[in-house]
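Chains, contacts and geometry: an overview
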Amino acid sequence: MKQRSAITIGKVEHEDAAWKARFLVFYTGLRIRKLGRKPHAYFAARSGEELAGHSVVYFEKGRWVLDELMVKAEFREKGIAKGLTEARIRHVIVNGAKEIWYACEDGNLVTTCCHLRYGFEKICPGSHHCTAATAHWYRLKITPALFEKFPVLDPNPKIAAKKKRATEGKT
Ligand SMILES: CC(C)(COP(=O)(O)OP(=O)(O)OC[C@H]1O[C@@H](n2cnc3c(N)ncnc32)[C@H](O)[C@@H]1OP(=O)(O)O)[C@@H](O)C(=O)NCCC(=O)NCCS
């Protein structure tokens, strides 16, 4: 059986030719947003040189938006999508975001597995005309309560670790 390397999750620091080639293969057949000069950060889960999972967060019309979360079939249900979501949320908090958005069809597994758990709520953006049935935008507000509930989202790892120890001490 093929031995797989441990999974590492992190920001794609260099959008170079080697990454781009893997990126294009990873999303083969899917329509992927061209981000051009929009502020953005790609996050990858890697097993050695292989892309196990990939995702992006970009800034558009005053909003940070999570998108393109996908994990390769053979790497699923190991916490990779959660890890990619948490890494992107921390990234935009460091960049000063007070809220984070994403758009998704109702019932999509990406929504149920990896976003709602953090407290994203369905919102009709001010410029849209939608009802609860037709709205596809979700927003997560960054509040101290979020870090209380999910210390892993705190971009300051020292504070996060301290809170985690305090929480564990309570039980
Ligand atoms: C949805 C997807 C991203 C989940 O990735 P993953 O790495 O397997 O998810 P995780 O392991 O982080 O799981 C997160 C949670 O969802 C649950 N989950 C994951 N896959 C599930 C499934 N198929 N059914 C039910 N629950 C599931 C996990 O049990 C976990 O919940 P828990 O923490 O309560 O145990 C992955 O299945 C995928 O890439 N699907 C295709 C998505 C796609 O086509 N995207 C296109 C965008 S361009």
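This text follows the structure it describes.
Residues numbered from 1 in each chain as written. Predicted model: local features only at pLDDT ≥ 70, side-chain atom pairs only at ≥ 80, totals over all residues.

A few words now on the overall build of the chain. When helices and strands are tallied, the chain shows 5 helices and 7 strands. Helices (α) and strands (β) of the chain occur, in sequence order from the N terminus, as β-α-β-β-β-α-β-α-β-β-α-α. For the chain, buried positions account for 22% of its 171 residues. Contacts in the chain between residues at least 24 apart in sequence constitute 53% of all its contacts with a sequence separation of at least 6. (Helix = DSSP H or I, 4+ residues; strand = E, 2+ residues; numbered from the N terminus. Buried ≥ 20, exposed ≤ 12 C-beta atoms within 10 Å, placed from the backbone. Contact = placed C-beta atoms within 7 Å.)

If you look at the biggest cluster of nonpolar residues, it comprises 28 residues, and the most contacted ones within it are V57, V65, L84 and I100. Examining the composition of this core, we find that 6 residues originate from one element, helix α2 (residues 80-94), more than from any other. Not counting residues within four places of it along the chain, the set of residues in contact with V57 comprises H40, A41, W64, V65, L66, R88, H91 and V92. (Core = buried A, V, L, I, M, F, W, Y, C linked by C-beta atoms within 7 Å.)

In this section: unusual backbone geometry. With a phi close to 60°, E68 is a non-glycine residue in the positive phi region. Here E68 shows up in strand β4 (residues 63-71). Judged by the 19 C-beta atoms lying within 10 Å of it, E68 is partly exposed. Phi is positive for E77, which is not a glycine, with a value near 60°. For E77, the position within the fold is in the loop between β4 and α2. With 8 C-beta atoms packed within 10 Å, E77 lands in the exposed category.

For the ligand, the set of nearby residues contains 16 residues, the closest of which are R76, I80, A81, K82 and C113. Those elements that provide at least two residues to the shell around the ligand are β4, α2 and α3 (109-114). Among the residues forming the shell around the ligand, the class breakdown is 10 nonpolar, 1 polar and 5 charged. (Near = placed C-beta within 6 Å. Nonpolar A, V, L, I, M, F, W, Y, C, P; charged D, E, K, R; others polar.)

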